[in-house]
Amino acid sequence: MGNKQTNCRPNYCSRFLPEEQAEIDGLFAAVAGGLETVSCERNRKCFPVPISLEMLQAYLGDAIPQKMICRIYDGMRHIDPCGLNSVPSEYVIRDQFSIFMSEILKGNAGEKSKMIMKMLLVPCSSVRAGHIQEFTEDLITSVVHVLYYRNELKGWNMKRCQDFTAGVRPLASQLLSSLKQGGPPIPDKTCDCSLLEDWLLKVPQISTFLNVIIRRGFLVLNSYTEIAGFIPECKDGRDFMSLLNIPAIIYINSYLPSSLQHTWRLIFSSQIHGYSFAKFCGNIIDRGPCIIVIRDRDGYIFGGFASHSWAVKSHFQGDCRSFLFTIFPNIAVYTYSGYNDHYMYLNFGQQTMPNGLGMGGQLDYFGLWIDCDFGKGHSKANPRCSTYNSPQLSCRENFEIDCLEVWAVGDFQCCEKSTCKKNVLDNEKEVHCLLEMIGKCRHSEGVRNPCDDEDDD
């Protein structure tokens, strides 16, 4: 076994830089308990000590869930370094360890698909879509587990979010929907490496999840740039129960422009700010791109991403980066269809135009609509929203809002203020917003007091 390892090793370690390979070798030695070599009396050569499942479990502890540790170990031990179709051993040698790390962290879609096939805990000839669904659920669970264990949820408090386990299966099903099978995913449908390779090319989140689990679970080859925008930093210290769960945050964040993925900041919550359309508008106008999340009275959770700052206009605004999404009971993101440019709409105080906030579709027939009579809305799609190709997001076409929250994303933008004077209405955001929405000027604009050194938002 040692000679084969030595002869095959260079072909599989070439992806790593010398310092990276040294780190991988050091990790293998650490898993082996510091016993780097064992003497072979027959040819007087020394070889790395192989590792067992128990060694890997002892090294990782609670950093990675036990089932995922077993999957990783099974993936490693089924690697045939020299292509001799040898029977898998109960131990993992250094070559197998290095190959696994190389393929998962630096391999292409084809190479990663072969590693995943080995991690499914069933013979490759018996792999079904149901096994991949189960693997994907374990993958999502492990990602959240690792980030929580390493204290790297970046300010997101799982006690103040929806139960993350409720988001695991919906997200796994959504990711699996891209598995090309000539129709909807069928649990008993046979799957091979070519099918998995095509899936990984379509669903980059799977490779990212594997990257996070290995890098942060093993604390190896840590690079901030690899997972910088994976989960955004939560900029809110207030005690309220968010409508979001961790898997949904990760998934929705992956669809944002990369420049907006690093930070989410709460700017409105009906639990905190109440049910006022003026207050709602006052908190979202001129605040930059944002995510609106709604729960209707039937428990459905859905919303939209607005790529531009909201502004009161009698026509549509925004650009093709905007999208709609659902979180519960299913999770999905619906991006620009190319049919029209009806991305965002916000208007008020007009008799001939709809008054409220909308995204996608047509006037009075929006993919997502929040009426100025705050608490009411609609999601009309027969059969699909023309702008985002989205279905009906809410349980009922005309829904009632149970709860609503808005998150500004990227670099936070405060409302514009004068740098030298304060207007008497500057602190009255709702009044300011209402005047702007009905097209009235502020006669007190010229009545300003000297500004203080500190100017709170």
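Residues numbered from 1 in each chain as written. Predicted model: local features only at pLDDT ≥ 70, side-chain atom pairs only at ≥ 80, totals over all residues. Heavy atoms only, no water.

Let us look at the overall build of the protein chain. Counting its secondary structure elements, the protein chain contains 15 helices and 15 strands. Counting all 457 residues of the protein chain, 50% fall into the buried class. Contacts in the protein chain between residues far apart in sequence, at least 24 positions, make up 66% of those at least 6 positions apart. Of the roughly 20900 Å² that the protein chain leaves accessible, carbon and sulfur atoms contribute 49%. (Helix = DSSP H or I, 4+ residues; strand = E, 2+ residues; numbered from the N terminus. Buried < 20%, exposed > 50% of the residue type's maximum accessible area, 1.4 Å probe, protein only. Contact = heavy atoms within 4.5 Å. Areas by Shrake-Rupley, 256 points an atom, 1.4 Å probe, with all protein chains shown as cover.)

Packed helices, taken two at a time, are described by their axes: the angle between them and the distance between them. The N-to-C vectors of helix H2 (residues 18-31) and helix H5 (residues 94-106) enclose an angle of 130 degrees; their axes lie 10 Å apart at closest approach. Relative to H5, the element H2 lies oblique. For the element pair H2 and H5, the recorded crossing hand is right-handed. Contact residues: H2 offers Glu20, Gln21, Ile24, Asp25, Leu27 and Phe28, while H5 offers Arg94, Phe97, Ser98, Met101 and Lys106. (Axes fitted to C-alpha atoms, helices over the stretch in contact; angles between N-to-C directions. Parallel < 35°, antiparallel > 145°, perpendicular 65-115°, else oblique. Left-handed = near helix turned anticlockwise from the far one by under 90°.)

With respect to burial, strand E6 (residues 301-306) is a largely interior element, six of its six residues being buried. Covered by surrounding structure in E6 are Ile301, Gly303 and Phe305 together with Phe302, Gly304 and Ala306, the residues of both alternating faces. When strand E5 (residues 290-296) meets E6, the two strands line up antiparallel, connected through six bridges. Paired with Ile292 across the bridge in E6 is Gly304. Here E5 folds back onto E6 in antiparallel fashion, the turn holding four residues, of which Gly299 has a positive phi close to 95 degrees. Where E6 meets strand E7 (residues 323-328), five bridges bridge the pair, whose relative direction is antiparallel. Considered in E7, the bridge of Phe302 is made with Thr326. (Pairing = 2+ DSSP bridges.)

In this section: the nonpolar core. In terms of nonpolar packing, the biggest core is built from 95 residues, with Ile64, Ile72, Trp156, Phe218, Ile246 and Trp264 touching the most fellow members. For this core, the element with the highest residue contribution is helix H7 (residues 129-149), accounting for nine residues. Counting contributing residues per domain, this core is built from domain 1 (18-34 + 45-218) and domain 2 (259-409), each supplying no fewer than three. If near-sequence neighbours (up to four positions away) are discounted, Ile72 is found in contact with Ile64, Phe100, Met119, Ile213, Ile214 and Phe218. One finds Ile284, Ile292, Ile294 and Leu393 within the second-largest nonpolar core, a separate group that totals 34 residues. (Core = buried A, V, L, I, M, F, W, Y, C linked by side-chain atoms within 4.5 Å. Domains from an automatic or database assignment.)

The subject of this paragraph is helix H9 (residues 193-202). Because each turn of an α-helix spans 3.6 residues, side chains separated by three or four positions end up pointing in the same direction. By the burial criterion, the buried members of H9 are Leu195, Leu196, Trp199 and Leu200. The arc that holds the buried residues of H9, viewed along the axis, is 135 degrees, so those residues lie on one side. Taken together, the buried residues of H9 touch helix H6 (109-118), H7, helix H8 (165-176) and helix H10 (204-218). (Arc of directions from axis to C-beta.)

Time to look at the packing of aromatic side chains. Across all of its chains, the model carries 25 aromatic pairs by this definition. Where Tyr275 meets Phe374, the ring centres are 6.3 Å apart and the plane angle is 55 degrees; that geometry is what we call tilted. Remark: Phe374 occurs in the loop between strand E11 (365-371) and strand E12 (376-378) and Tyr275 occurs in the loop between helix H13 (270-273) and helix H14 (277-284); sequence separation between them is 99 residues. Aromatic side chains Phe302 and Phe399 sit 5.2 Å apart centroid to centroid with 75 degrees between the ring planes, which places their arrangement in the edge-to-face category. You can see Phe302 sitting in strand E6 and its partner Phe399 sitting in strand E13 (residues 398-409), a full 97 residues away along the chain. Judged by its relative accessible area of 0%, Phe302 is buried. (Phe/Tyr/Trp six-rings, centres within 6.5 Å; stacked < 30°, edge-to-face > 60°.)

Let's shift gears to H8. Along its twelve residues, H8 runs 17 Å from first to last C-alpha, staying within 8% of the 16 Å computed at 1.5 Å per residue. Among the residues of H8, Gly167, Val168, Pro170, Leu171, Ala172, Leu175 and Leu176 are the ones counted as buried. Looking at the buried side of H8, the elements it contacts are H7, H9, H10 and helix H12 (246-253). (Expected span 1.5 Å × (residues − 1).)

Once that is clear, we can look at unusual backbone geometry. Only a minority of non-glycine residues have a phi that is not negative, and only a minority of peptide bonds are not trans. Following Phe328, the chain continues into Pro329 via a peptide bond in cis, with omega recorded as 10 degrees. Assignment of secondary structure puts Pro329 in the loop between E7 and strand E8 (332-334). The residue after Asn382, namely Pro383, is reached through a cis peptide bond having omega 5 degrees. Here Pro383 shows up in the loop between E12 and E13. Despite not being glycine, Asn151 has its phi angle at roughly 55 degrees, a positive value. Along the polypeptide, Asn151 turns up in the loop between H7 and H8. The exposure class assigned to Asn151 is exposed, which follows from its relative accessible area of 71%.

Attention shifts here to the pattern of salt bridges. Following the criterion strictly, the structure yields 19 salt bridges and no others. For Arg297, the salt bridge goes to Glu400, with nearest N and O atoms at 3.6 Å. Here Arg297 is found in the loop between E5 and E6, whereas its partner Glu400 is found in strand E13, with 103 residues between them in sequence. Judged by relative accessible area, Arg297 falls into the exposed class, the value being 56%. Under the relative-accessibility criterion, Glu400 is labelled partly exposed at 45%. With a closest N to O distance of 3.3 Å, Asp373 and Lys376 form a salt bridge. Assessed through its relative accessible area of 47%, Lys376 is described here as partly exposed. Members of the salt-bridge network, linked through shared partners, are Lys67, Arg71, Glu134 and Asp138. (Salt bridge = Lys/Arg side-chain N within 4 Å of Asp/Glu carboxyl O.)

Counting buried residues in strand E4 (residues 263-269) gives six out of seven residues, a clear majority hidden from the surface. Sheet topology places strand E3 (residues 233-234) next to E4; two bridges connect them, and they run parallel. By the bridge assignment for E4, Glu233 is matched with Thr263. Taken together, the five bridges between E4 and E13 define a ladder with antiparallel strand orientation. Its bridge partner being in E13, Trp264 is matched across the sheet by Val409.

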